[in-house]
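Inside the fold
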Amino acid sequence: MDFLFIDFLNSEWRDGIHDDSYIDRLDDTKWMNELLTPWELTINEGMTEEKIKRLKTLRALLRKLVIDVTHNQQLTDNDVNQLNDYLYCSLFLQEIRNESGNLRLTEKPVNPDWNWVMAKIVESFAHLLSNHQIGRLKICKNEKCGWVFFDVSKNRSRVWCYHSNCGNLMNVRKHRERKQKK
Ligand SMILES: [Zn+2]
């Protein structure tokens, strides 16, 4: 299951395995466009320093809240108010679209700008919060990694971002440590 806010949070990329490499993909306009396309978010304004700053502020807020939630802490009224401030910045119209004979009820922003994108990011987080699947929201157990993911495993047992890197690395390390202790 995909969530826009998770993709957005993972714009902070950390190697977490070989070294402390860090890439902030919010600085990469091409990456941002690639983020928006699958979510059908076509915007009418370009990226500016100020917009990147605002996106980073939102990302910091969401990461803090995701950390809280994954530690079973409830959101405070202040947290909720801050999220609502982003939602209030964008107005929507409802529209019926005729797609080759199939009618689809869709939402259309009054102004498809970065405020709209930020509202959609917050909306996806709010959807997850309000549909009780919150226990599936996780941060990779490799602290140096920090990758956020939605655990779709049957028993909600997944702890690593991808088994092929962080999980393997940690297992190899544990194995080595155990060997050394012997
Ligand atoms: Zn990881």
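For the structure given in this document, a descriptive report is provided here.

Calculation rules
Residues numbered from 1 in each chain as written. Predicted model: local features only at pLDDT ≥ 70, side-chain atom pairs only at ≥ 80, totals over all residues. Heavy atoms only, no water. Helix = DSSP H or I, 4+ residues; strand = E, 2+ residues; numbered from the N terminus. Contact = heavy atoms within 4.5 Å. Buried < 20%, exposed > 50% of the residue type's maximum accessible area, 1.4 Å probe, protein only. Donors = N, O, S within 2.8 Å, 3.2 Å for Na, K, Ca; no water. Tetrahedral: all angles 85-135°; square planar, octahedral: opposite > 155°, others 65-115°. Core = buried A, V, L, I, M, F, W, Y, C linked by side-chain atoms within 4.5 Å.

To continue, consider the environment of leucine 137. Among the structural elements, leucine 137 can be located in strand β5 (residues 137–139). With 116 residues separating them in the primary sequence, leucine 137 and serine 21 have C-alpha atoms 25 Å apart. In this view, leucine 137 contacts Phe5, Ile6, Val66, Val69, Thr70, Phe125, Leu128, Val148, Phe149 and Phe150; residues no more than four positions away in its chain are not counted.

Backbone geometry places asparagine 72, a non-glycine residue, at a positive phi of 60°. Along the chain, asparagine 72 falls in the loop between α3 (49–70) and α4 (77–88). Exposure remark for asparagine 72: the relative accessible area of 73% places this residue in the exposed category. At serine 100, a position not held by glycine, the phi torsion is positive, near 50°. For serine 100, the location among the structural elements is in the loop between β3 (92–99) and β4 (102–109). Residue class for serine 100 comes out exposed when judged on its relative accessible area of 79%.

Moving on, we get to the coordination of the zinc ion. Within the protein, the atoms that donate to the zinc ion are Cys140 (SG), Cys145 (SG), Cys161 (SG) and Cys166 (SG), at distances of 2.3 to 2.4 Å. Relative to the metal, the 4 donor atoms surrounding the zinc ion lie at angles of 104 to 114°, and the coordination shape comes out tetrahedral. Counting gaps between the donor residues of the zinc ion yields the pattern C-x4-C-x15-C-x4-C. Within this pair, whereas cysteine 145 is found in the loop between β5 and β6 (148–150), its partner cysteine 166 is found in helix α6 (residues 163–181), the two being separated by 21 residues in sequence. A relative accessible area of 1% means that cysteine 166 is categorised as buried.

On to the nonpolar core, then. Ranked by internal contacts, the top residues of the largest apolar core, which has 32 residues, are Phe5, Phe8, Leu58, Leu62, Ile121, Phe125 and Leu137. In terms of residue count, the dominant contributor to this core is helix α5 (residues 114–130) (8 residues). When residues no more than four places from it in sequence are discounted, the contact partners of leucine 62 are Phe5, Phe8, Leu9, Leu83, Ile121 and Phe125. In terms of nonpolar packing, the next biggest core, distinct from the first, is built from 8 residues, Ile17, Cys145, Trp160 and Cys161 among them.

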